[in-house]
Amino acid sequence: MANVKKTAPRLRKLSVYLYIPNIIGYVRVLLNCIAFYLCFSDKRVFSVLYFISFVCDAIDGWCARKFNQVSTFGAVLDMVTDRISTACLLVILSQVYRPGLVFVSLLALDIGSHWLQMYRKVLLSLGNMPTTLDLCCSTFLTGKTNHKDVKDSTNWLFKAYYGNRMFMGYCCVACEVLYLILFLIAGKQSESLVDVVASTVRQGSPLSFLVALSLFGWAIKQTINVIQMKTAADVCVLYDIEKKQKP
């Protein structure tokens, strides 16, 4: 009887690991590993694999809702995969173009804004938590696991972005497509980013239109990241003020 009780939790744990959306998440990780291994030897294969992994991000979310397999583990796996894959691509671009600081700054903004936003949701949902460790461990265990929950936001652009899946999808796709295009059209190392983008747009080709369209969505996404980071920082500061005012 004791063995049965020990086996049951293990089977339940295994079942979560084998959820369909989580298996898609593992495939995404594998695709990214292969893509970055080939990134300098075969740019086209890299771009195809990277983009397939990006598209799978939407597929695993659909599967999670379709098969009622939404899980905390899946949400964490999804978010970590997104952040790491984009971070790796930005690091590569920082080595291909000058000034590389542009892409390093975008990397810092992306990670910083998402981390602060998750921290903000914890403070709003949990109230008084004694330690940073408690906050970090509780982020995905409170029922408000998604940094896209913006019902308490007052910024119209923030609400429009996270409140409209099509709009948010366009901005996210535009951002990744722009980075992939920049990687594909890069020639020799240390090219000027401004010169490459300007010359591509001036060509008047379908690629020029795609770059311009992607730039618009990219700009909106970076604006959202800044707003997200500022509003989350405000919540953290208010939390500190309220904590100090308590006897």
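For the structure itself, consult the block above.
Calculation rules
Residues numbered from 1 in each chain as written. Predicted model: local features only at pLDDT ≥ 70, side-chain atom pairs only at ≥ 80, totals over all residues. Heavy atoms only, no water. Helix = DSSP H or I, 4+ residues; strand = E, 2+ residues; numbered from the N terminus. Buried < 20%, exposed > 50% of the residue type's maximum accessible area, 1.4 Å probe, protein only. Polar contact = N/O pair within 3.5 Å; in protein donor to acceptor, adjacent residues only side chain to side chain. Contact = heavy atoms within 4.5 Å. Disulfide = S-S within 2.5 Å. Salt bridge = Lys/Arg side-chain N within 4 Å of Asp/Glu carboxyl O. Phe/Tyr/Trp six-rings, centres within 6.5 Å; stacked < 30°, edge-to-face > 60°. Axes fitted to C-alpha atoms, helices over the stretch in contact; angles between N-to-C directions. Parallel < 35°, antiparallel > 145°, perpendicular 65-115°, else oblique. Left-handed = near helix turned anticlockwise from the far one by under 90°.

K.L.:
Which parts of the structure should I look at to understand the side chain of Ser208?
P.N.:
In this structure, Ser208 sits in helix H10 (residues 206-245). Classification of Ser208 by relative accessible area gives buried; the value is 4%. Reaching out from Ser208, the side chain makes a polar contact with the backbone oxygen of Thr200 at a distance of 2.4 Å. For Ser208, the contacting residues outside a window of four places in its chain are Thr200, Val201 and Gln203.

K.L.:
So what exactly am I meant to see when it comes to the state of the cysteines here?
P.N.:
Put plainly, a disulfide is one covalent bond tying together the sulfur atoms of two cysteines. Using the criterion set out here, one finds 0 disulfides in the structure. Sulfur of Cys63: no disulfide; nearest cysteine sulfur belongs to Cys56 and is 9.3 Å away. Sulfur of Cys175: no disulfide; nearest cysteine sulfur belongs to Cys172 and is 7.6 Å away. Here Cys175 falls in the buried class, since its relative accessible area comes to 4%.

K.L.:
Mind showing me how you'd approach the pattern of salt bridges here?
P.N.:
Charged atoms that come close allow side chains of opposite charge to pair. Counted according to the given criterion, the structure contains 5 salt bridges. With a shortest N-O distance of 2.7 Å, Asp82 and Arg28 are connected by a salt bridge. Linking Asp82 in helix H4 (residues 72-96) with Arg28 in helix H2 (residues 20-38), this pair joins segments that are 54 residues apart in sequence. With respect to burial, Asp82 and Arg28 carry one shared label: buried. A salt bridge links Lys230 to Asp234; the nearest nitrogen and oxygen atoms lie 2.8 Å apart. In this pair, Lys230 and Asp234 both sit in helix H10, 4 residues apart, roughly one turn of the helix.

K.L.:
In this structure, what is going on with the packing of aromatic side chains? I would like to understand it.
P.N.:
Here the distance between the centres and the angle between the planes together describe a pair of aromatic rings. Counting across every chain of the model gives 13 aromatic pairs. With a centroid separation of 5.1 Å and an interplanar angle of 85°, the aromatic rings of Phe158 and Tyr162 are classed as edge-to-face. With Phe158 and Tyr162 both in helix H7 (residues 156-163), this residue pair falls 4 residues apart, about one helical turn. Here Phe158 and Tyr162 have matching classes, each one buried.

K.L.:
Can you walk me through the packing of helix H8 (residues 165-185) against H10 in this structure?
P.N.:
For any two helices packed against each other, one specifies the inter-axial angle together with the distance between the axes. Contact geometry for H8 and H10: axes closest at 7 Å, N-to-C directions at 125°. Here H10 runs oblique to H8, going by the angle between their axes. Crossing of H8 against H10: the hand is left-handed. For the pair H8 and H10, the contacting residues are Phe167, Tyr170, Cys171, Cys172, Ala174, Cys175, Val177, Leu178, Tyr179, Ile181 and Ile185 in the first and Leu207, Leu210, Val211, Leu213, Ser214, Leu215, Phe216, Gly217, Trp218, Ile220, Lys221 and Gln222 in the second.

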